[in-house]
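Spelled out from the first residue to the last, the chains are:
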Amino acid sequence: MTIAIGSSRAEIRDELSTTAFDLLVIGGGILGTSVTWMAAQAGLRVAMVDAGDFAGATSSASSKLVHGGLRYLQTGNVKLVAENHRERRALAADIAPHLVKPLTFLVPIYKGGPHGAAKLGAGVFLYSALSVFGDGMGKVITPHQALAKVPALRTEGLRAAAVYGDHQMNDSRVAVMTVRAAVDAGATVLNHAEVVGLRKTSGTVTGAELRDRLDGTEFGVSARLVLNATGPWVDHLRRMEDPNAAPSIRLSKGAHLVLRRHEPWKAALTTPIDKYRVSFAIPWEDHLLLGTTDEAYEGDPGAVSPTEADIAQILDEAGHAVRDEQLRREDITYAFAGLRVLPGGPGDVAAAKRETVVTRGSGGMLSVAGGKWTTYRHIGKHVFDTLARLPGRPLGDEIADILPAVPLPGLASPEAVAMRLWTDRERSARMDPLVARHLATHYGSIAFDLARLIREDPALGERIHPDGPDIWAQAVYARDHEWAATVDDVVRRRTTLTVRGLDTPEVRARIAALLGTG
Ligand SMILES: Cc1cc2nc3c(=O)[nH]c(=O)nc-3n(C[C@H](O)[C@H](O)[C@H](O)COP(=O)(O)OP(=O)(O)OC[C@H]3O[C@@H](n4cnc5c(N)ncnc54)[C@H](O)[C@@H]3O)c2cc1C
């Protein structure tokens, strides 16, 4: 039996505890989700569980960039940039054009700055050449031209700006659409379900013991093979397998700020801070996203949060290129932090492609962490291939080939969806074009399902908060079709209320009532 979207948590728990799975994936960040999607596409019975919400940790705390990685050119990693570009362009053109959108980036070049115009000009030219000029040719423009794209750009000492193209997304929404793709392909998934122990048969890991964090129910899952994709917690799970497992990773904290934006920005800024670090200022969700920091972290991964020092550093570094009026503290709507997983520590560590750390423990559990959001399909496929070829073939021999380019649910032109949402109704009852655009770019053609909910109950077409484009139909849809079980799942990751600073106590109480948790 496969569990349908919209099944209750009790039904999913029942399915999880009574099925003999081929693969259990622990961790529903983008890495675990990607492997789950690939394994389900290959025809396996696969389960995925997350202690919190899907993408509730690192995968919703990124810089939201789908990028080739301009900085890799500095270390001469031309092949990696070309591969990242290929995957970026595949996501934007074939897999998720409804969710991934192009964005122009400027690298401002100031008098006395760490890099000169000739070097940066050559760098962005090479960068664009490595994506076969698919986003235009990297070039250098004048301060006047740069100011026309970014009105808040600091112009004192500005010599020129280098220009290149990449893409951006709403990471939480792309993640939930990928979870949905995995479920459409036959996977069984549950969030807010924490692995508290591993099942072993003759010393081999054959499943996990879980606790539902919402109601305390305890249950177990059995599987032929278990994958630990718990990101910053990867060593915690490895120690469940073997209390003596040596550390395999190091963590580095990266914080971001979201600020209200006062003018439209037609481009983002990548500002060099020193020879190696850059500060991003990115127009995102009608706001400005600033970041990020990079600092060794040794505490509990669950406790990571932006500190006052992080906020001060981000504003200070953004101030190299952004005028003070756009960096006022009272305009901060949200601050968040995540943990980069870096290869490191002694022990049985193999660094695979893209800084992804893959280890196999004494109980046969494969652990994987690190990598990039941009290349998540590639990493998922790589990890899945590794699992499929393990000695003894624990996943069996009946593994179907994975189609090269399965799109995410809702694939459609966002322009076409927005237009239809707007024109489908009587002139007097038309959807606000801003809301239509918001739905089209966060759901693709699934926005028509939301429109149907509004037709049945027009109150669901109302905005949740008057200052943002999120509407009540999204909250209902999140509860019924996107596994949202807590207020934060809805306000932080299924909608944009939190990042816009609109998750007021009243909004939270109304959503709690909708979820039945109030
Ligand atoms: C600051 C920052 C900025 C970044 N920016 C970009 C960017 O712009 N572009 C890009 O391509 N990449 C970016 N990255 C990289 C990218 O975000 C990560 O590579 C990716 O999100 C890692 O996903 P993951 O699934 O491995 O980890 P996570 O998303 O952390 O997922 C691990 C999951 O495991 C779960 N878990 C932990 N313990 C248990 C347990 N006991 N039982 C069940 N579940 C458990 C957690 O709840 C969590 O959801 C950035 C990373 C950081 C830190």
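Basis of the calculations
Residues numbered from 1 in each chain as written. Predicted model: local features only at pLDDT ≥ 70, side-chain atom pairs only at ≥ 80, totals over all residues. Heavy atoms only, no water. Salt bridge = Lys/Arg side-chain N within 4 Å of Asp/Glu carboxyl O. pLDDT = per-residue confidence, 0-100. Contact = heavy atoms within 4.5 Å. Near = heavy atom within 4 Å. Polar contact = N/O pair within 3.5 Å; in protein donor to acceptor, adjacent residues only side chain to side chain. Areas by Shrake-Rupley, 256 points an atom, 1.4 Å probe, with all protein chains shown as cover. Helix = DSSP H or I, 4+ residues; strand = E, 2+ residues; numbered from the N terminus. Nonpolar A, V, L, I, M, F, W, Y, C, P; charged D, E, K, R; others polar. Axes fitted to C-alpha atoms, helices over the stretch in contact; angles between N-to-C directions. Parallel < 35°, antiparallel > 145°, perpendicular 65-115°, else oblique. Left-handed = near helix turned anticlockwise from the far one by under 90°. Expected span 1.5 Å × (residues − 1). Buried < 20%, exposed > 50% of the residue type's maximum accessible area, 1.4 Å probe, protein only. Arc of directions from axis to C-beta. UniProt positions renumbered as here; feature names shortened; annotations may be inferred.

Participant: Honestly, the pattern of salt bridges in this entry has me stumped. Any pointers?
Facilitator: Opposite charge on two side chains makes pairing possible when the charged atoms of those side chains draw close. Applying the stated criterion across every chain, the model contains 39 salt bridges. Connected through shared salt-bridge partners, Arg9, Arg13, Asp212 and Asp215 make up one network.

Participant: What is the right way to read the confidence of the model for the protein from this model?
Facilitator: As a note on interpretation, predicted positions should not be read in detail where pLDDT is low. Per-residue confidence for the protein averages 94 on the pLDDT scale, and 97% of its residues sit at or above 70. Taken as a whole, residues 346-354 scores under 50 in pLDDT and shows 24 contacts with residues more than four places along the chain or in a different chain.

Participant: Hey, could you run me through the site of the ligand in this one?
Facilitator: Close contacts around the ligand come from 37 residues, with Asp50, Thr58, Ser59, Leu65 and Thr374 the closest. Contact between the ligand and Ser59: an oxygen atom at 2.5 Å from a side-chain N or O atom of the residue. Val195 has a polar backbone atom sitting 3.0 Å from a nitrogen atom of the ligand. Coverage of the ligand by the protein amounts to 94% of the 1,000 Å² it exposes when considered alone. When contributions to the shell around the ligand are tallied by element, the ones reaching two or more residues are helix H2 (30-41), strand E8 (193-201), strand E11 (249-260) and strand E16 (332-343). Broken down by class, the residue content of the shell around the ligand amounts to 15 nonpolar, 17 polar and 5 charged.

Participant: Just to check I follow, could you spell out the packing of H2 against helix H9 (residues 376-388) for this structure?
Facilitator: Axis angle and axis distance: for two packed helices, these are the angle between their axes and the distance between the axes, and together they describe the pair. Running from N to C, H2 and H9 point in directions that differ by 60°, and their axes come no closer than 8 Å. Comparing their axes, H9 and H2 come out oblique. The element H2 and its partner H9 pack so that their crossing is right-handed. When H2 is examined against H9, the residues Ile30, Leu31, Ser34, Val35, Trp37, Met38 and Ala39 are found in contact with a partner set consisting of Tyr376, Arg377, Ile379, Gly380, Lys381, Val383, Phe384 and Leu387.

Participant: I tried to follow helix H4 (residues 117-129) on my own but got confused; where do I start?
Facilitator: Two residues of an α-helix separated by three or four positions point the same way, owing to the 3.6 residues in each turn. Relative to the 18 Å expected for 13 residues at 1.5 Å per residue, H4 spans 18 Å between its end C-alpha atoms, a close match to the ideal helical length. Among the residues of H4, Leu120, Gly121, Val124, Tyr127 and Ser128 are the ones counted as buried. For H4, the angular spread of buried residues about the axis comes to 130°, placing them on one side. In this structure, the buried residues of H4 make contact with helix H3 (78-95), strand E4 (101-110), strand E5 (139-141) and strand E6 (158-168).

Participant: Would you mind going over the side chain of Lys253 with me for this structure?
Facilitator: The topology assignment puts Lys253 in strand E11. Looking at Lys253, the relative accessible area reads 7%, which means it is buried. In terms of polar contacts, Lys253 uses its side chain to reach the backbone carbonyl oxygen of Ser305, at 2.8 Å.

Participant: How do you make sense of the UniProt feature "domain: Alpha-glycerophosphate oxidase C-terminal" (unreviewed entry) in the protein when you look at a structure like this?
Facilitator: Within the UniProt annotation, "domain: Alpha-glycerophosphate oxidase C-terminal" (unreviewed entry) is assigned to residues 420-513. As annotated, residues 420-513 comprises 55% helix and 0% strand, and the C-alpha atoms at either end are separated by 32 Å.

Participant: What's the story with the side chain of Ser60 in this structure? I'm lost.
Facilitator: Following the sequence through the fold, Ser60 ends up in the loop between strand E2 (46-49) and strand E3 (65-66). Among all residues touching Ser60, those that are not within four sequence positions of it are Ala55, Asp171, Ser172, Phe336, Arg492 and Arg493.

Participant: Before we go on, may I ask you to explain the packing of helix H10 (residues 414-423) against helix H11 (residues 433-443) in this structure?
Facilitator: Where H10 meets H11, the axes come as close as 8 Å, and the angle between the chain directions of the two elements is 140°. Classified by the angle their axes make, H10 and H11 are oblique. The handedness of the crossing between H10 and H11 is right-handed. The residues of H11 that touch H10, namely those facing Pro414, Glu415, Val417, Ala418, Leu421 and Trp422, are Pro433, Ala436, Arg437, Leu439, Ala440 and Thr441.

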